[in-house]
Structure formats: C-alpha cells, structure tokens
Amino acid sequence: MLSERRLEVLRAIVQDYVGTEEPVGSKALTERHQLGVSPATVRNDMAALEDEGFIAQPHTSAGRIPTDKGYRLFVDKLAGVKPLSVPERRAIQNFLDGAVDLDDVVGRTVRLLAQLTRQVAVVQYPSLTRSTVRHVELLALAPARLMLVLITDTGRVEQRLIDCQTPFGETSLADLRARLNSRIVGRRFADVPQLVQDLPESFEQDDRATVSTVLSVLLETLVEETEERLMIGGTANLTRFGHDFPLTIRPVLEALEEHVVMLKLLGEAKDSGMTVRIGHENAHEGLTSTSVVTVGYGSGDEAVAKLGVVGPTRMDYPGTMGAVRAVARYVGQILAES
C-alpha cells in the first residue's frame, strides 16, 4: 500500500498533467501544491511511484506522467465525483425537457454530453429486451387493413400495417384491443408470446385468422425491435487531443464506427453503476489509448440502457464522471415522465 503522502503526490501529478498537458516535475509539484515536504522528498516519492508503475517518464525530460495503473488508483481511491453547478444542472434540464420523442431525447443527450465533457458521447437506445409494454393500439384504416401501434415504457413507438384476409368488424377490433392490453400491458417483451398464444381460440371462428395475423405481426415487431441501437456524437472533439494518442487517432475513430464494439463496451445495461475503463482495460485494440466512462439510465430503479463518454486517458475524471451521472439521472426522469 502507498503511504498517504505518496497518494497525495500521485493525486497532484494527475491533476497537473490533466490540467497542463505537460509532464510534471518535483519542483513544479512543490510550488503548486501544499505537500508540506521538500522537493528532494517529493523526488524520492516520485521515484517510488515510478518503481511501482504508477507514473512513467515519457522521454528524457525531468517530468513524469501517470500510467494506466496510476489513473486507475486515482479514480478508485483519490477522485470524487465532481457535482455539477446549479446553472449547469438547470441548463441540462431545460435542454432535455424540450425533447419531443425518444429519438429526440437520445439525440439531445448525445449533443449535451459531448458539449459538457468535450469528449465523444455514446448513448444506447433503451433496450426492448428489458422494456415492458405500455399500450397497444389497433386502428382500422380500411375494412381489411389495420394499423398496429406498440408503445413501450421507455417511450418508444412502433407502427405496423396489417393486411387481413377478410374484413374485421369494429366490435371484434375493440374486443381484440381490450383483451391484448389486459394481457400484456406492464409485461416484459420476453413474456408476451406465452401470454397471447391462446388468444385466437377465444374469438369466433371467422375472426381467428385475423387475430392470428395481428399477433404474428406484434411478435415480429417485438423480435425486430430488440436489436440494440446507439448514437454517437462529438467525434470531432478527439482532434483536440491528437497528441494524447500515441500514433494516430485513426484506430479510435475506426473503433467508434463499429457499433458492435461500442455496444460491447457499454456492457450489460443491468449493471447500472458507474464504470470507468482506463487504457488497456479496454479489450478492443483501437481503444487502448482511451478511457471510457459509462453509467446506466432508466425510468425506475432498473437501467434500460447505458450512456457515457470516450476520451483520452488524460481525462478530467471527477468532472466527466459528474457530468455522465447527472445527464443519466435527467434522462431517466424524462423517460419516467414520458
């Protein structure tokens, strides 16, 4: 275990390097921070931190920079989550409150996160595998043509047209609508097939074929929509950090374009806590020079998806974690109210 003083020296090195982009020397540390010891002692502490792999010398200059291991210790032990100011929180709320539908919520969230953190923002759409049915609407467009409207608890709306083999009366339509909603409202998508499998038998013989058609379209919609989607924004922010990526930012940009990679990176949305992956903790080769900060969001206690940011390992971790957490809370509130 590192002594308290060495932890303080490490904290100071991380803060200075993130703030100045320059390798940090012992003289600068003693001038900028109240460490209460001589530059010689700080030099000894820095040598010990270097021996243990928490800092490194990038080139023959006197300064040191944090390693992935150093940032990890900083995040786990030394960095609190920096709360957003009241004006920042108000701005988030006002910006997100203007959203008109789920796509708009996701789009605004991406733009907001990218602006707040000046990193790349990634927002996963609410996963329908974890969603529940809020309402099913059936509308007659013509005697043998219906529209199915599926609304989820996260505000997602899906519409499908259904051509029936025979005309379907208004009474039968109202009956099917009522029975469908009584069975599946508030239930998870995964449970729906079992809940409706015997529904056709409860209708008159003439209506059964149409009821079966409606159910097959409903179930197809549920399956189609469980496909995961995400939105990415603020990629141009990476160009501000060109020197933070050892060779080129191209591998990072390529990784960001691979939505499968990004979805894997966001991980299981069930785990709604804050996750910070630093440098080589990211399994994808293109992202080993980045840090990824993610958190779950949802309309209740359970996360339905994740959002987060990707940036260089030289990141303002307390500020980024605070922004990501605050935005996730507001998005959750909006979904709960929608």
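Nothing here was measured: the structure is a model prediction, and the numbers come from that model.

Chemist: Please give an account of a nonpolar patch on the surface that cites residues and values.
Modeler: Together, L139, L141 and L161 give the surface a local cluster of nonpolar side chains, amounting to about 260 Å² of exposed area. One can find L139 in strand 4 (residues 133-142). Accessibility expressed as a relative area gives 36% for L139, which makes it partly exposed.

Chemist: Go over the nonpolar core, please, and point to the residues and values.
Modeler: The biggest cluster of nonpolar side chains holds 58 residues, and the ones touching the most others in it are L29, Y297, L307 and Y317. Sort the elements by how many residues they give to this core and helix 12 (residues 317-337) lands first, with 11 residues. Here this core gathers at least three residues from each of two domains, domain 1 (4-78) and domain 2 (86-126 + 228-337). If we ignore the near neighbours within four places in the chain, the residues touching L307 are T109, L113, V122, V123, V293, T294, V295, Y297, V324, V327, A328 and V331. The next biggest cluster of nonpolar side chains, apart from the first, holds 24 residues, and it includes V136, I162, F203 and V214.

Chemist: Lay out the packing of helix 1 (residues 4-20) against helix 3 (residues 39-51) with the relevant residues and their values.
Modeler: Helix 3 packs onto helix 1 with a crossing angle of 85° between their chain directions and a minimal axis gap of 10 Å. Comparing the axis directions of helix 1 and helix 3 gives the class roughly perpendicular. Here R5, R6, V9, L10 and I13 of helix 1 lie close against helix 3, whose contacting residues are T41, V42, N44, D45, M46, A48 and L49.

Chemist: Go over the side chain of K306, please, and point to the residues and values.
Modeler: Secondary-structure assignment places K306 in strand 10 (residues 305-312). At 3.3 Å, the side chain of K306 and the backbone oxygen of L266 are in polar contact.

Chemist: Quick rundown of the packing of aromatic side chains? Include the residues and the values.
Modeler: With the rule as written, the count across this model stands at one aromatic pair. With 5.6 Å between their ring centres and 50° between their planes, Y71 and Y317 make a pair best called tilted. One end of the pair, Y71, is in helix 4 (residues 68-78); the other, Y317, is in helix 12, with 246 residues separating them in the sequence. No difference in accessibility class separates Y71 from Y317, as the two residues are buried. In this structure, R229 is placed above the aromatic ring of Y125, and the distance from its NZ or CZ to the ring centre is 4.1 Å.

Chemist: Describe the domain arrangement of the protein, with residues and values.
Modeler: When cut into domains, the protein gives domain 1 (4-78), domain 2 (86-126 + 228-337) and domain 3 (132-224). Here domain 1 and domain 3 have C-alpha centroids that lie 63 Å from each other.

Chemist: How would you summarise the sheet that holds strand 5 (residues 145-152) if you had to cite specific residues and measurements?
Modeler: Read across the open sheet, the three strands follow the order 4-5-6; overall the sheet is antiparallel. Where the open sheet ends on each side, the last strands, each with one partner, are strand 4 and strand 6 (157-163). Pairs of neighbouring strands in the sheet enclose a mean axial angle of 20°, with direction left out of account. By the bridge criterion, seven bridges tie strand 5 to strand 6 in an arrangement that is antiparallel. Among the inter-strand pairings, L148 is bridged to a residue of strand 6, identified as R160. Each of strand 4 and strand 5 is contacted by helix 7 (residues 170-184), which is oriented at about 165° to strand 4, the strand it contacts most.

The rules behind each value
- Residues numbered from 1 in each chain as written.
- Predicted model: local features only at pLDDT ≥ 70, side-chain atom pairs only at ≥ 80, totals over all residues.
- Heavy atoms only, no water.
- Patch = residues over 30% accessible without salt bridge, like charges linked within 9 Å, V, L, I, M, F, W, Y side chains within 5 Å.
- Areas by Shrake-Rupley, 256 points an atom, 1.4 Å probe, with all protein chains shown as cover.
- Salt bridge = Lys/Arg side-chain N within 4 Å of Asp/Glu carboxyl O.
- Helix = DSSP H or I, 4+ residues; strand = E, 2+ residues; numbered from the N terminus.
- Buried < 20%, exposed > 50% of the residue type's maximum accessible area, 1.4 Å probe, protein only.
- Core = buried A, V, L, I, M, F, W, Y, C linked by side-chain atoms within 4.5 Å.
- Domains from an automatic or database assignment.
- Contact = heavy atoms within 4.5 Å.
- Axes fitted to C-alpha atoms, helices over the stretch in contact; angles between N-to-C directions.
- Parallel < 35°, antiparallel > 145°, perpendicular 65-115°, else oblique.
- Polar contact = N/O pair within 3.5 Å; in protein donor to acceptor, adjacent residues only side chain to side chain.
- Phe/Tyr/Trp six-rings, centres within 6.5 Å; stacked < 30°, edge-to-face > 60°.
- Lys NZ or Arg CZ within 6 Å of the ring centre and 35° of its normal.
- Pairing = 2+ DSSP bridges.

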